[in-house]
Each structure stands twice: as C-alpha cells, then as structure tokens.
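The lines below spell out each chain.
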Amino acid sequence: MEERLLGKKKDKVEVGERHIRLWSDCGKDFCGNSIKTSKYSFIPLHPSFFVWKNLLEQLGRYANLYFLTVSCLQLIPGLSPTGRFTTLVPLTFVLTMTMIKDTYEDYKRHVRDRGLNGQEIQIYRNGGWETRNWDQVKVGEIVEVNKNTSKGEFPADLLLLWSTENQGLCHIETANLDGETNLKVQKTHLDHDSLPPYDPQNPSQYQGEVICQPPNKSLYTFEGKMVRGTRTEETSAISVKSILLRGAKLGGSTEKIQALVIYTGKQSKLMMNQQASRHKRSTLEDMTNTQIIFMLVLQIVLCGGSALGLGVAMSNITDHWYLAAEGTNPVTQAFAGFGTFLILFNNLIPISLYVSMEVVKIVQARLMSSDINIYHEESNTPTDAKTSSLNEELGQVQYIFSDKTGTLTCNIMDFLKFSVGEVAYGTGTTEIGRAAALREGRVLNDDKPAGVKLVKGFYFYDNRISDVVGDGQNWNWMSQPNAKELGDFFRLLAVCHTVTSEEGKDDDGKPCMQYQASSPDEACLVTGVKHLGVEYVTRDATDITIRVSAGSGSSYHEKWKLLEVFEFSSDRKRMSVIVRDPTGQLKLFCKGADTVIFERLRKPENDAELQMRNTTLSNLQKFASEGLRTLCIAEAEISEKQYQEWAPIYKAATEAVGGKEEKEAAAQALIEINLRLIGSTAIEDKLQEGVPASIEMLRACGINVWVLTGDKQETAINIGFACALLHNDMGLFEFDEGADSSRITAQLQDFARQAAGIQPGKDQGVIVQGAALTHITSESAPSGNADLFLEVTKKCKAVICCRVSPAQKAEVVRLVKNGLKTVTLSIGDGANDVAMITEAHVGIGISGLEGLQAARASDYSIGQFRYLLRLLLVHGRWSYRRVTKVILYSFYKNILLYLTQFCFCFFNNFTGQSFYDRWALSLFNVVFAFFPIVALGIFDRDIEPHRLMTLDQFPELYDEGRKGTLFTTKVFWQFSMTAMFQSATCFFIPVAILHDAVEDQTGHTIDLSWSGITAYTGVLWVVTLKCALETSSWTWVNHLVCWGSIGSWYLFLIVYGNFYSSPLKVGYDWYKMYEAVFTDSKHWLTVILVVFIALFRDFTWKFYQRAFRPTLLHKCQEWEAMVKAGTLRTGYNYKLMERVHPEFFYGRERVKPSKKKPPPVPADQIMKELGPNKSKEADERSEGEIGSRRLSRHLGYSFSQGDDQTEAMASVVPSRPVWMRGPTRSYKTKTGQTSILGLVEKSTPETNSFSPPQIPLSSPQHSLNATSFGVLNNSQRKPRDSRYHNQKYSPNPYDSLK
C-alpha cells in the first residue's frame, strides 16, 4: 500500500540464468551501478519527499494514528471542549521531532551515497581506458582497479581476469564484508588450455559469454561458467575464488587487477545483504500495547457513560430553561457528546509515552557503549549497542545460549599434541584437563619440562620429537623408527589447508613466514608443523611449496601440484585437497571430524591397521578429556584412471547453475573414499578470562545457561566442568549417540519421570548430541518429543548440546523461546552463530578472531564473555527498572489529570465543559510532566553496581526482571487505581473548599478558572512529588528537572496570564488570574492539603514496606545508606552479616525468635565444624549462628582453629573451584581474638596499609556478636578513613552526574 501511495516501482525479479556477453552493451538490460541507501527525497514534488513520506511512516504507529483522529475531531466546530488545536500542537511537536531525527539520519545517507557513486574507476571503452564514476559502470564491461589511485576498492561484483601478482593470484581484504581482517587469496579465472588467455594490453580480444545464476545474497557461493566457444571442452567453471565482491578491496602485494563486471548496484551481493534486519520488539513493549488496548476500552466506557449522562440531562431540559435548547433530540445529543468526551479524555493514552521511552532508551544505549568497565583494551573493542529498543530485555533474560569456541574460549590456538599411528606425542596439561582431574579426584602432573619456550601458536614438547629444551629445534623425530610416517604426517598438514603466507619478522626481529587464515585452527596446524621442520612457504594457482628440514640447519624445497581444493564447511565437517607429490603420485589429503573421517576409511587390511584405528580413537578420547580440539588426518592414493573418470563429473558439478553446492558435495564425496588413517591432532583453546566466575554469577542470578557447540561430547562436558557450568554433585541426563527416534522418545519419557522427582537443591544437567536433536527439534521429529524435552530441561540447571550445526542452534533457541515463552539471549562470535543470534530475543555478538559476522548481526556486541555479566546485571537491570517506571508513570500522570475532567462532568451536567485551560492541557505532557520522568529513566540507580557483581553480594536482585515482577497487569492497575484515588483528591478537595467562596480581597470571583488553576496546581505537585518518591538516586539533573518543572508552571501562569488574544482564544479564561490566585491563602492551603492527602498513602505504604516487610533491595539500600553515613564499612560481607545478626539491621523488635532456636555455638566449635574437610551435615549444624555450608561455599571461605590453645586462628581456605582460588592466607592474633578475611577491612595507621580485622571473642565460649563484624558504637568508632567512605569504584558513565 505504501509503495502504491508513494509511486514506487517494484523491482523486476530476475529469474533463470543471467547471460552476460562481452562487448555487446548488455548492461542496458540490467540495473545500473548507482547506489541509493537513503529513503527520502528533498525535491518537494517527488513521491518520496521527506515530509509526507515520513509522516506516512509515523502514522503507521497506532498511537499516532489515534491522536491524529482525535485532532481531526477537534477541528469540527462546536465538538471540542478543549479548543481546536490542543491535541494537534503536541502531536505536531512529537511528529516534527521524530521527522527531524529521521531526516538528519537520511541526509547522512545521502552524503555517503554521493561519495560512493562519485568515486573514479578505469573502464575499458571504445578501445581504450576511460576514467568514469562508479555509477557509470555497467554489467559486461571490464574495469581496472588500482590500489594507488582508487584505494583498491571494487565498484561492483567482478570476475577476476588478470592480476599483477604471479600465477594470477590476488590478495584482498574483506573486513567490510564479513569483518575478517586476514588477507584472502583469490585467483584469476582459468580458461581451457586450448583458448588464448586474457591479454591485459588488449582486453577487446577477449571474447566470450558468462552464464551465471541471478543476483542473490550468498557471499560465499557462486554458480556460473564461461563459454568461449561452441565445444563443451571450451567452457570453464567460474569458481567463487575468482569473484571479487563489492565492499572488498585489494590488499597485500597486489597493486592492480582487471576484471569483468557481473553484478552492479543494488543487485551486488553487498547491497542485497544490507536489508533491514528483523525487527525485535521487547516484552515490555508488547505488554504496554496490551495495556493501551485496555485503556482504550476504559476510555470508551467513560465516553459512553458520559454520553449517556448527557442524554439523560437533555431529556430533562425543561428544568434548565436558560439553556434555550428546546426541540433538541437527547439521542442525537448523546451521540455528538460521545465525540466530545472522546476528545476530552483522549490523553488517558499518554501522547508522550513513545517519545519518553525513545529518549530514555537512546541515552541508555549510549551510556552502555561508553561504559569503560565493558571496554576491552587489548583489542580496542568497546561495547556497541546497535539497538536501543531491547535495553530492558537485557534485564529479563531467563535463558542464555552460548557458543563455545571464541565465546567461552579465547579462539587462540596452541599446537599441543598429536598422534601418528599408534603413538601419541606431546606433553603438558591444560586448564580444562586439570579441572577434570580435580573433579575425578586424580592428581594430574604436568610432564612438560621447565624451560619450554612458548611460541605463539606452538606450545609443544616431546623428547622423541624435540631436541634440547628451549632451543626451538624439533628434529629428533628424524631419528625415530617411524620417521617416514611422521614426515608424511607433517607434509600433509603443510599442504592440506587454505592458509596464505607472506614474509615477515618474528618477535625477535628475525625473518620468518607469517600465516593468515580464516580459521585459527588451520593457522595453528600450519604453524605447528613449521616448528616441527616442515614449513609451508607459498602457493599459487597450481602449486604449493614447502620447505623440509634435513636436520642440523639444512633444508630443501618440495613443490606439490595442487589440482583440487575442497574447502571446509559446517555440513561437510572436513577439508580435502587433491595433489600430485614431487614423484608424480596422485594423492588425496583429508582432515576433519572423526565422525566423518572414520566412515570414509577403507576396510582394514590387517589386524595392525584395525588396532591402529582403535588406538587413535583412544587417543582422541584422551585429548578430548583435556578439552583439546581434535581432528583426524587421513590420505588416499588415487590412480590416474580413477582421477580421469572422476574429473568430468566434478567439472560438470562446478559449472552447474542451480544446485551447484549440492552437486559439488556429491562429486567430492565420490573421491573422498577408501581413506587410510594416519593420525590425529590436538590443539588447545584456552578459556577466556573470567568465564567460570561469570557463569557462576549468572547461575546465582537464576539464569539458565546452555552451551551449543560443534565439539565432541567429551570435550564439551569437560569444558562444562571447567567453566563452572557443571559440577561434581550434578546429575546428568545423557542421550545415546546414534539412537533412532523411538529410542530418543523412550529416553525423553524416562528422563521426564526422573526430572519430576528431582528434590529441591539437587542440580541436574542434560547432555544431548546433534543427532539426537534431529529427533527432537526438527520438523520431521515425532510429535511430543519437543514438549518432553522442554519438560526435562525446565528442571535442569545446565544443558550442553554438542555436535550441533548452525541450523540446529537456531532450532534449539526457537524451541525454548516459543515453548517456554520466556526471554532468551544468544551469544556467539562466528558466522555459524548468526542464526541463533538473530533467532533469540536478544542477540549478543563477540568481536572475535573469526571476524565480525556475529557482531554485525547482533543487537549488542562486546569484547569478552565476562562483559555479559555487567551488561545484564547492571545495565540490563537498571534499564528494566527505569523503563517500567517510565511506562507506569506516563499512564499514571495522564489518568490522574484527565479523570478530574470526568469528575467535573457530574458538576456540569455532562456538557463536556473542560475544567482547565486548553493550553495548560497541551503543555502538560510536553513540558510540565515530561522531563522529570525522562531524567529518572536515564539516571536512576537503586543500588551501586558492585552490589550485584560478586557472589558475596546480591546477584539475586536480578530476579525482579527475570520474573517480570515490576510490570504486570496487576502492577499496572495498581498504579492506575492510585491515580484514580489521587485524581478524585485533586478534584473534590479544591471544589469543596472553593465552592462556597464568593470573592477574594481583590474583588475577583472564585469561579471555574480559579478552581481549575488550583486543581491543576495540585495535580502537577502530586505527579512531580510522586516521581520524586519513585527516584532512588538523585543527581543535579533530577533536581533541575523536578523543581524546574514546577517553576515552569508558575512561570507559564505569569506569562500566559498577561497575554490575551480574542481571535485565537489564547489567554481568554486565565487572563491576570495569577494575581488573585497567588495572593490568596486558600489556594496555597488547598494545594498543600491536596498534596498531603494524595501522597499520604504512597508515603506510608513505602514506609511500611521498608520498616515491616522489607525486600532484599530495601535491605541493601539501607546498608548502602549506613555505609555512606559511616556506620558500616564498605568491605563487609553483607550476606553473612545479615544471616548472623538480623536484629542489628532490622531492629530487635522485628526479628521473631525461632521456637527451636539452637543455643549459641562456641567459636571453636564453629571453626571446627566449618573446617575444609568436614561433611555437609556437620556444617549445617552451625546454621543457627553463622550460616550453612551452602553459604560458606557460596562465599568461597571456610574457617578452622589453630593448634595453639592460647591463640585463636582463622584460616581462610578457598573452597571455590581451582580457577577462582587465591592463595590460602591465615592470620594469628592475640589470645581471645580471631580474624576472618573478607568480612571487614581495617586500616593500620602505622603502615598506612590494610591488615586483617581483629574480631574480639566476647565470652569464654567465644560466641560471635555484632561487634565481631565491625559494627562500632560511638565510643569505639574511630575517625573515618577516606579510603573506606570515599572509595572510588570502577569508572561509570553516571558518576559525573552525582
């Protein structure tokens, strides 16, 4: 509809094959190369002129359309009781501000478009090279791209014909396309040997026709062929490696290229991928839309009731002869009155709601992006909020779906171990392996000798392979009995890859080969074999050169003929090359996942080969248990006959236009058979900093964390333990590998029965493979399996899905999102994570080493996984609280004001007379009551951030958003009922007081205007002070806007009261009224009484809650206030203090003693029972005095008694997992005293440093008391130390406003 109204032409859809004949002026049949990303035109008569196009877009929002309808009704003479423009003026303001913002953003797009279209390029026309602008490039022309003159950027999608580099190679940078910063190698299109090659000096001699697929969005595929003759052998397949896409540019040593234009303008792959992403709407926005519908129903009811009252009044018109309304029809008057009341009550739906929310969310997003605490300095990566519409959703997350590689791990690979034949090589342990050993109660010794030099990407040592420790030479393998097998293994890894090389220098400044690869795994393997004596040197279109060490510093080169490259994909899970070795033998090298390699192995020729496979599987199992990333390595010898029979099949597949990818995969599978297993590799990918602590914190917040990975099950499980997702006391539901659908259904039913009986406090996890998920989440899965799976996982704390594809990741997210109706978040770093990132309610991308595809497709991007914690617990929680207050307050203030109009209807015989001046009504939402709630929505902080960010504080405060307790239908109508009560207060009290008053001392009659000003003033004071009551933290901005809003009202009364214009009906009712009202004591006393009565309930309810029914948040805020007042110190462990001494924090009269309260436990018994080696039951016996074992484990401390009977010693023994441990520290004090690290901090003036606190034991039984926790009375309190009370927390973008 919009396209028809704006006169848009629908783009012609190209179907079938695209035929591009060189030098035939075929460009006229395709779109031009001009780019237009802007939406609007600045030409007044243009169909896309920004004024009416933007208005049409804005009126697509129902609220704007509603207010436009009300504005039109107001223009009908005699219908509006509030003037003709009182709704139109604020609506115009809202629409204009939005139009200015949208137009400015579009103007920047216009400037960017002109810059791109105006860039210069060399085009071969009329027998010579001409300099033209990009927008003049046509399909079928040959262009020349020069790095020095045009920045090397490609103006369109091109087919590479010639390059200045040897062998027709071309290095390109694709960061603007996929975010990957490494150089990629493309190669010129190769024609059949019988045809003359392309001549860069005479391009017009190159004749032919390109037949390819129509324009499409796929950046990584291309289907087409070049036809240069009539014979079949004169056609050649066009590889995707010969395509240069718009958005990429020349890189490396490539200076100049010539290429044929294939796709131009909006049909280029870059532009086709720049469509608007799927709009995500937050849960709060959906709930708000529902409440708007309810409010509209309420408004219709009020209008209908008032119209009915008007009809009844008109039927008794004889009682009011002075109205001169004889002969009127009550029914007609009632219908007309309905429109009048619709106008009168129109702002029950607040016109400022969307503007307030938009302003608040935009500023919140900017504050997130500027938070230094979630800025990754090493990679110079700040947090980037790409949208502001989902800020509050960050505070409501229930399920997190995380990738593993690059998300939980660093994606920085180290070559650590490998196996060849039946022998495994490599020493050393991994962080994950140590955690697994600790879990199993084993002692894992690091067998790597001291002095091994860590080289980037290589941390390998084995005395059978390496020479002297630390010399960096690894030639011992040449003297091993299996030296030939080892050499073949290293050669395979040096040849089977897609890595590019260039000469550079190492960290010591020595010349060396440097590698760049799209996958860190490939770069790591090539780097590993380089250090083992087989170095990949260079490659071109047909050959790959390696340097093989001969020992003692000598080496020789080998050149391998490269015939075919089958690149890795998530579907194939393997990568292969067909090469001809230096002796002329054809070989196929293959590396990939064990599941796909083993099914392609030849039949074992003897028992030794079978034994070797079993040993390799055992080695893979061992490597996976250490969290290493494993690959199987295999090869096959190919006969000339076999290759010649297979080559035409593959050639036909590569030339296919339509289904090329599937045909190529099928052809590749025909040759990837009868493989001989050689060995395996194992590389380490370390966990990112802070991942275990972050996951433990997320779990403490009640958030369920799922890990979706393509790794083996053993690797995934061990990483789950290492990152605190799983633990020893957790039971696991594990699905059988390779089970059919009936077996999966039976297991789901069994797991569901077990899950239903899980006892509270018992943690359970689920391990599921991709094959099993096929029978659960796919469309072909048996009905009911998905529901059973959800029933099981709802009872579980952790779920790990291994061996899953990108599509299955999205299916799992979709299943939970739609099945459980809860807020989901996906986080990943690679292109394979894009599907699940876009599927979840909130998508988080990590700017990692695999490019920026995930970050670009996400709603928010961060530099490290640990930053997710602050993004959710601090920014997300704050945003949720703020936005809920903005929504509730926006409805509250309008209900309060406009229900006074309804109350007035009972006094004006339902005639629709307004109680207030029309312009006072118009300015209420855009001036007087607008800014206080916006300031609250931007700056309000209920508690300091560090109270949420550690386990010994209060991460449970995240529950209010996760459970959605702050904005529900109940809460909405509670606010609405409060507004109704306060509205009646603001109307009836002024009317009751001023009803019998006749005139003041100035002679003014106390009339409708006088009463309206008094009531309006009371309303404004009430809504402003209500906003102040809802404000948790005050900044100078809050003070300015709150009291400034009140001041602006009085200023308006003075200015407006001195302005009178009869034609415009401005100032007619309130002219000079301020003189009388301001000098009358009844006005001020009435306002004070109104405010007191209206807000008395709010104030007393808040006091009652905090005093008698405090929530955890109220307790935290009280402790925060005590810290700031100097009563408490900043370093306290509040959880433990609250458990031990609730009477101090809440008052003794509010703490009801337990009927079975155990007697005080002596300190020596406490410390004995809470020792690190005691059982859980023994620990729980001390719960009545100092807390349970769960609490001590949660805090990471346990306490023990020293051996010396004359001294008490508190030893802090870390009970957290090994990755979170610090050194064990003990402090001895004088007899009768002990100290507990982590509870308080105490300053030692002599050394001006911190020392452990001294906690006196107050009785022979050494029972702990309030003084033990640093609660000092006035005689004990020392002068305040600025290091406690003026402590500077980590930088925060809000701090400058305090």
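Residues numbered from 1 in each chain as written. Predicted model: local features only at pLDDT ≥ 70, side-chain atom pairs only at ≥ 80, totals over all residues. Heavy atoms only, no water.

Draft legend 1. The overall build of the protein chain, seen in detail. If you tally the helices and strands in the protein chain, you get 41 helices and 39 strands. Burial status across the protein chain gives 55% buried among its 1298 residues. Sequence-distant contacts, at least 24 apart, represent 71% of the contacts inside the protein chain between residues at least 6 apart. (Helix = DSSP H or I, 4+ residues; strand = E, 2+ residues; numbered from the N terminus. Buried < 20%, exposed > 50% of the residue type's maximum accessible area, 1.4 Å probe, protein only. Contact = heavy atoms within 4.5 Å.)

Draft legend 2. The packing of helix α31 (residues 1008-1030) against helix α34 (residues 1081-1108), seen in detail. The geometry of α31 relative to α34 is characterised by a closest axis approach of 9 Å and an angle of 30° between their N-to-C directions. Taken together, the axes of α31 and α34 are roughly parallel relative to one another. For the element pair α31 and α34, the recorded crossing hand is right-handed. For the pair α31 and α34, the contacting residues are Ile-1013, Thr-1014, Thr-1017, Gly-1018, Trp-1021, Val-1022, Leu-1025, Lys-1026, Leu-1029 and Glu-1030 in the first and His-1083, Thr-1086, Val-1087, Val-1090, Val-1091, Ala-1094, Leu-1095, Asp-1098, Phe-1099 and Lys-1102 in the second. (Axes fitted to C-alpha atoms, helices over the stretch in contact; angles between N-to-C directions. Parallel < 35°, antiparallel > 145°, perpendicular 65-115°, else oblique. Left-handed = near helix turned anticlockwise from the far one by under 90°.)

Draft legend 3. Layout of the pattern of salt bridges. Overall, the coordinates contain 49 salt bridges when judged by the stated rule. In this structure, Arg-228 and Asp-191 form a salt bridge, with 3.2 Å as the shortest nitrogen-oxygen distance. Here Arg-228, found in the loop between β9 (224-227) and β10 (235-237), pairs with Asp-191, found in the loop between β7 (184-187) and β8 (209-212); they are 37 residues apart in sequence, far enough to count as distant. Connected through salt bridges with shared partners, the residues Lys-1026, Glu-1030, Arg-1097, Asp-1098 and Lys-1102 form a single ionic network. (Salt bridge = Lys/Arg side-chain N within 4 Å of Asp/Glu carboxyl O.)

Draft legend 4. Representation of the sheet that holds strand β16 (residues 409-420). Pairing in this open sheet of nine strands is antiparallel, and the strands run β17-β16-β26-β25-β24-β23-β22-β21-β20 from one edge to the other. A single partner strand is all that each edge strand has here, and the edge strands are β17 (423-425) and β20 (534-539). Looking at each pair of strands side by side, their axes are set apart by 30° on average, direction ignored. Across seven bridges, the pairing between strand β24 (residues 586-592) and strand β25 (residues 629-638) is antiparallel. The partner of Phe-589 across the bridge, within β25, is Glu-635. Along the sheet, helix α16 (residues 640-654) makes contact with β22 (554-566), β23 (574-580), β24 and β25, crossing β22 at roughly 45°. (Pairing = 2+ DSSP bridges.)

Draft legend 5. Representation of helix α22 (residues 785-794) within the structure. Every buried residue belonging to α22 is among Asn-785, Ala-786, Phe-789, Leu-790, Val-792 and Thr-793, and all of these are buried. Along the axis of α22, the buried positions cluster into a sector of 165°, meaning they face one direction only. (Arc of directions from axis to C-beta.)

Draft legend 6. Inspection of the nonpolar core at higher detail. In this structure, Phe-341, Val-1022, Trp-1049 and Trp-1070 are the most contacted members of the largest nonpolar core, which totals 95 residues. With 16 residues, helix α26 (residues 867-905) is the largest single contributor of residues to this core. Residues Ala-365, Val-707, Leu-872 and Leu-957 belong to the second largest nonpolar core, which totals 59 residues. (Core = buried A, V, L, I, M, F, W, Y, C linked by side-chain atoms within 4.5 Å.)

Draft legend 7. Representation of the side chain of Thr-340 within the structure. Relative to the elements of secondary structure, Thr-340 occurs in helix α9 (residues 330-344). Residues within four places of Thr-340 in sequence aside, it is in contact with Leu-79, Pro-81 and Gly-912.

Draft legend 8. Main features of the side chain of Ser-306. Position of Ser-306 among the secondary structure elements: in helix α8 (residues 283-315). For Ser-306, the side chain forms a polar contact with the main-chain oxygen of Leu-302, separated by 2.9 Å. (Polar contact = N/O pair within 3.5 Å; in protein donor to acceptor, adjacent residues only side chain to side chain.)

Draft legend 9. Fine view of the packing of aromatic side chains. On inspection of all chains with the given rule, the structure shows 64 aromatic pairs. Counting every residue linked through ring pairs, the aromatic cluster contains Phe-904, Phe-907, Phe-915, Tyr-916, Phe-924, Phe-928, Phe-987, Phe-988, Tyr-1016, Trp-1049, Phe-1052 and Tyr-1056. The ring of Tyr-892 has Lys-1026 sitting right over it, with the charged end atom 5.7 Å from the ring centre. Its end group placed over the ring of Phe-975, Lys-1026 keeps NZ or CZ at 5.0 Å from the ring centre. (Phe/Tyr/Trp six-rings, centres within 6.5 Å; stacked < 30°, edge-to-face > 60°. Lys NZ or Arg CZ within 6 Å of the ring centre and 35° of its normal.)

Draft legend 10. Summary view of the environment of Val-883. Assignment of secondary structure puts Val-883 in helix α26. Judged by relative accessible area, which is 2%, Val-883 ranks as buried. Considered as a pair, Val-883 and Met-357 are 526 residues apart in the sequence and their alpha carbons are 7.0 Å apart. Excluding residues that lie within four positions of it along the chain, Val-883 makes contacts with Leu-284, Met-357, Lys-361, Gln-364 and Glu-392.

Draft legend 11. Main features of the confidence of the model for the protein chain. Averaged over all residues, the pLDDT of the protein chain is 78; the fraction at 70 or higher stands at 80%. Here residues 1144-1158 scores under 50 on pLDDT; set against residues more than four positions off or in separate chains, the count is 18 contacts. (pLDDT = per-residue confidence, 0-100.)

Draft legend 12. The pairing of strand β32 (residues 842-846), seen in detail. Counted residue by residue, β32 has five buried out of five residues, so it is predominantly covered. Because side chains alternate across β32, one face comprises the buried residues Val-842, Ile-844 and Ile-846, and the other comprises Gly-843 and Gly-845, equally buried. Following the backbone out of strand β31 (residues 824-828), through helix α24 (residues 834-839) and into the adjacent parallel β32, one traces a crossover that is right-handed. As paired elements, β32 and strand β33 (residues 860-862) share three bridges and run parallel to each other. For Gly-845, the partnering residue across the bridge sits in β33 and is Ser-861. (Right-handed = clockwise from strand over helix to strand, strands pointing away.)

Draft legend 13. Layout of the packing of α26 against helix α28 (residues 931-939). Contact geometry of α26 with α28 gives a least axis separation of 8 Å together with a crossing angle of 165°. As far as their axial angle goes, α28 and α26 are roughly antiparallel. Crossing hand, α26 versus α28: right-handed. Residues Arg-882, Lys-885, Val-886 and Tyr-889 of α26 form the contact with α28, whose own contacting residues are Ile-933, Leu-936, Gly-937, Ile-938 and Phe-939. Along the lines of polarity and charge, the residues of the contact of α26 with α28 split into six nonpolar, one polar and two charged. (Nonpolar A, V, L, I, M, F, W, Y, C, P; charged D, E, K, R; others polar.)

Draft legend 14. Expanded view of a nonpolar patch on the surface. On the surface, Phe-981, Ile-993, Leu-1089, Phe-1092, Ile-1093 and Phe-1096 cluster together into a nonpolar patch covering about 530 Å² of accessible area. Residue assignment for the nonpolar patch shows that the elements contributing at least two residues are α30 (969-994) and α34. Residue position: Ile-1093 is located in helix α34. The exposure class assigned to Ile-1093 is partly exposed, which follows from its relative accessible area of 32%. (Patch = residues over 30% accessible without salt bridge, like charges linked within 9 Å, V, L, I, M, F, W, Y side chains within 5 Å. Areas by Shrake-Rupley, 256 points an atom, 1.4 Å probe, with all protein chains shown as cover.)

Draft legend 15. Structural detail: the environment of Leu-670. Its place among the elements puts Leu-670 in helix α17 (residues 660-671). Non-local contacts of Leu-670, meaning those with residues more than four positions away in its chain, are made with Trp-646 and Ile-649.

Draft legend 16. Just the sheet that holds β8, in detail. Spatially, the four strands line up as an open sheet ordered β1-β8-β9-β10, and their pairing is antiparallel. Two strands lie at the open edges of the sheet, namely β1 (18-21) and β10, each paired on one side alone. In this sheet, neighbouring strand axes are inclined to one another by 20° on average, regardless of whether the strands run parallel or antiparallel. Bridging between β9 and β10 involves three bridges; their strand directions are antiparallel.

Draft legend 17. Representation of the pairing of β20. Burial of β20 is extensive: five of the six residues sit out of reach of the surface. Connecting β20 to the next strand, strand β21 (residues 543-551), in antiparallel fashion are three residues.

Draft legend 18. Looking closely at the environment of Glu-234. Looking at the secondary structure, you find Glu-234 in the loop between β9 and β10. Residue classification places Glu-234 among the buried residues on the basis of a relative accessible area of 11%. Between the C-alpha atoms of Glu-234 and Asp-191, which are 43 residues apart in sequence, the distance is 7.6 Å.

Draft legend 19. Focus on unusual backbone geometry. You will see that Lys-573, though not glycine, has its phi angle at about 60°, which is positive. Of note in this structure, Phe-910 is not a glycine but carries a positive phi near 55°. Its location among the elements puts Phe-910 in the loop between α26 and α27 (918-928).

Draft legend 20. Representation of the state of the cysteines. By the definition in use, this model includes zero disulfides. Summary of cysteine pairing: Cys-1027 is not part of a disulfide, and the nearest cysteine sulfur, belonging to Cys-1042, is at 4.9 Å. Take Cys-1027: its relative accessible area is 1%, and that puts it in the buried class. (Disulfide = S-S within 2.5 Å.)

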